[in-house]
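Understanding the architecture of this molecule
What follows is the residue order along each chain.
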Amino acid sequence: MDRRTVLRATAAGGAAALAGGLWAAAAAPAQPAQPGPGPYGDLLAADANSLQLPAGFTSRVIARSGQRVAGTSYTWHPAPDGGACFPADDGWIYVSNSEVPLVGGASAVRFAADGAIAAAYRILGGTNVNCAGGPTPWGTWLSCEEVPLGRVFETWPEGGRSGEERTRMGRFKHEAAACDPVRRVVYLTEDEGDGCFYRFVPDTWGDLRTGRVQVLCAPDGQVTGPVTWRDLPDRDGFPVPTRYQVGAAQTFDGGEGCWYADDTCWFTTKGDNRVWAYDAVNQRLDLAYDDSLVPAGAAPLTGVDNITGTAGGDLYVAEDGGNMEINVITPAGVVTPFLRLLGQSESELTGPAFSPDGSRLYFSSQRGTSGARAGTGGITYEVRGPFRR
């Protein structure tokens, strides 16, 4: 049997586990998400920012790489990548990584209560290819280096304090991070074709300076089903890379985005266009989406990358390539485009994150219309509208 047939045969048995976690509010889907009508209707013609959006939604450009952020003296960084939002005073802050070598780092834009831009500034510098990361429950941003022996840096979105290296969280080609406050661990993805899925268990919750790194393990050949965790012998990954240290470790084809909510950690893999669901209560792994389980030629979501979610249970997945969409996966198991960006096919969509009240979605086009690998044409957007919350 080919891969599509094998996965269809195994998916039905594992899909019921998706009743837990973020999809608990709806009936468990009979299989991983399938194309269907979305909650917002069809996409309309492109607006002035070349974005196709559903009715009732509007967009604006927040920042452009190499240009000053409107109303500030701060020049926005190149290659904007992973991001997150944080409440601040009467407004909020959006942070964004810079996926460029040697300079790397992350920047922040502070918004007033009415959405006006109040300030922009640097929160991390002098790092290397900062791709994704994740917010912590105590209000910091974990910025991760996507290079061999890459590091995690903890940063402060409000500024005024230098980022701090958190090398005890493991040295590997980091992508994203997601905090589980119930089990008090941080899940970590690895952007390698044979990468692993990790979790960091700090000695003290809220202090990421010390702790253990564990890797997810499963029986040889298993795609979905029960899993276990084992300690890494050497988190520093040299001379043996972390992904090769535990023989039972399950491998994933290019780990990307990571999002935790309600006892479930969702993460994506770009090499096989999958969205995974790790049930932290039952320690079980299942597929929330796989383009091989969608009728041939009908997959709306390809090039899966960064992922975020809403309080109501919708997942938003950005595309690295594909046709430059952010797709929504609903709790009912429907996957459908939420937005599409035209004229930037050589770019990728990055850093989706909702404002604290859920009314605004931020994201970037890493290379913009130029398509330059250096990310000098990057554009950061805001979409506002009647999001389900």
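An unreviewed UniProt entry lists the protein chain under the name DUF839 domain-containing protein, from Micromonospora aurantiaca.

It is worth spelling out the pairing of strand E4 (residues 80-88) at this point. Of all 9 residues that make up E4, 8 are buried, and the element is covered over most of its length. Summarising the sheet, E4 and strand E5 (residues 91-98) pair through 7 bridges and their orientation is antiparallel. Across the sheet, the residue bridging to Pro-87 is Trp-92, located in E5. Between the end of E4 and the start of E5, which pair antiparallel, lie 2 residues, with Asp-89 showing a positive phi angle near 50°.

Our focus in this paragraph is the sheet that holds strand E12 (residues 174-180). Taken in spatial order, the 5 strands line up as E12-E13-E14-E15-E17 in an open sheet, and their pairing is antiparallel. The sheet terminates laterally at E12 and strand E17 (228-231), the two strands that pair on one side only. Going across the sheet, the axis of each strand differs from the next one's by a mean of 35°, ignoring polarity.

Within the structure shown, the criterion is met by 23 salt bridges. A salt bridge links Asp-194 to Arg-243; the shortest N-O distance between them is 2.9 Å. Of the two residues, Asp-194 is situated in the loop between strand E13 (185-190) and strand E14 (197-204) and Arg-243 in the loop between E17 and strand E18 (255-261); the sequence distance between them amounts to 49 residues. Here Asp-194 falls in the partly exposed class, since its relative accessible area comes to 27%. The residue Arg-340 makes a salt bridge to Glu-325 at a minimum N-O spacing of 2.7 Å. With Arg-340 in strand E25 (residues 334-341) and Glu-325 in strand E24 (residues 325-329), this residue pair connects regions lying 15 residues apart in the sequence. Counted as one network, the salt bridges with shared partners bring together Glu-154, Arg-161, Glu-164 and Arg-166.

Next up on the list: the nonpolar core. Membership of the largest hydrophobic core comes to 22 residues, with the highest contact counts inside it found for Tyr-187, Phe-197, Leu-216, Cys-258, Cys-265, Tyr-278 and Leu-285. The next biggest cluster of nonpolar side chains, apart from the first, holds 20 residues, and it includes Phe-57, Tyr-316, Phe-363 and Phe-387.

So, how was this worked out
- Residues numbered from 1 in each chain as written.
- Predicted model: local features only at pLDDT ≥ 70, side-chain atom pairs only at ≥ 80, totals over all residues.
- Heavy atoms only, no water.
- Buried < 20%, exposed > 50% of the residue type's maximum accessible area, 1.4 Å probe, protein only.
- Helix = DSSP H or I, 4+ residues; strand = E, 2+ residues; numbered from the N terminus.
- Pairing = 2+ DSSP bridges.
- Axes fitted to C-alpha atoms, helices over the stretch in contact; angles between N-to-C directions.
- Salt bridge = Lys/Arg side-chain N within 4 Å of Asp/Glu carboxyl O.
- Core = buried A, V, L, I, M, F, W, Y, C linked by side-chain atoms within 4.5 Å.

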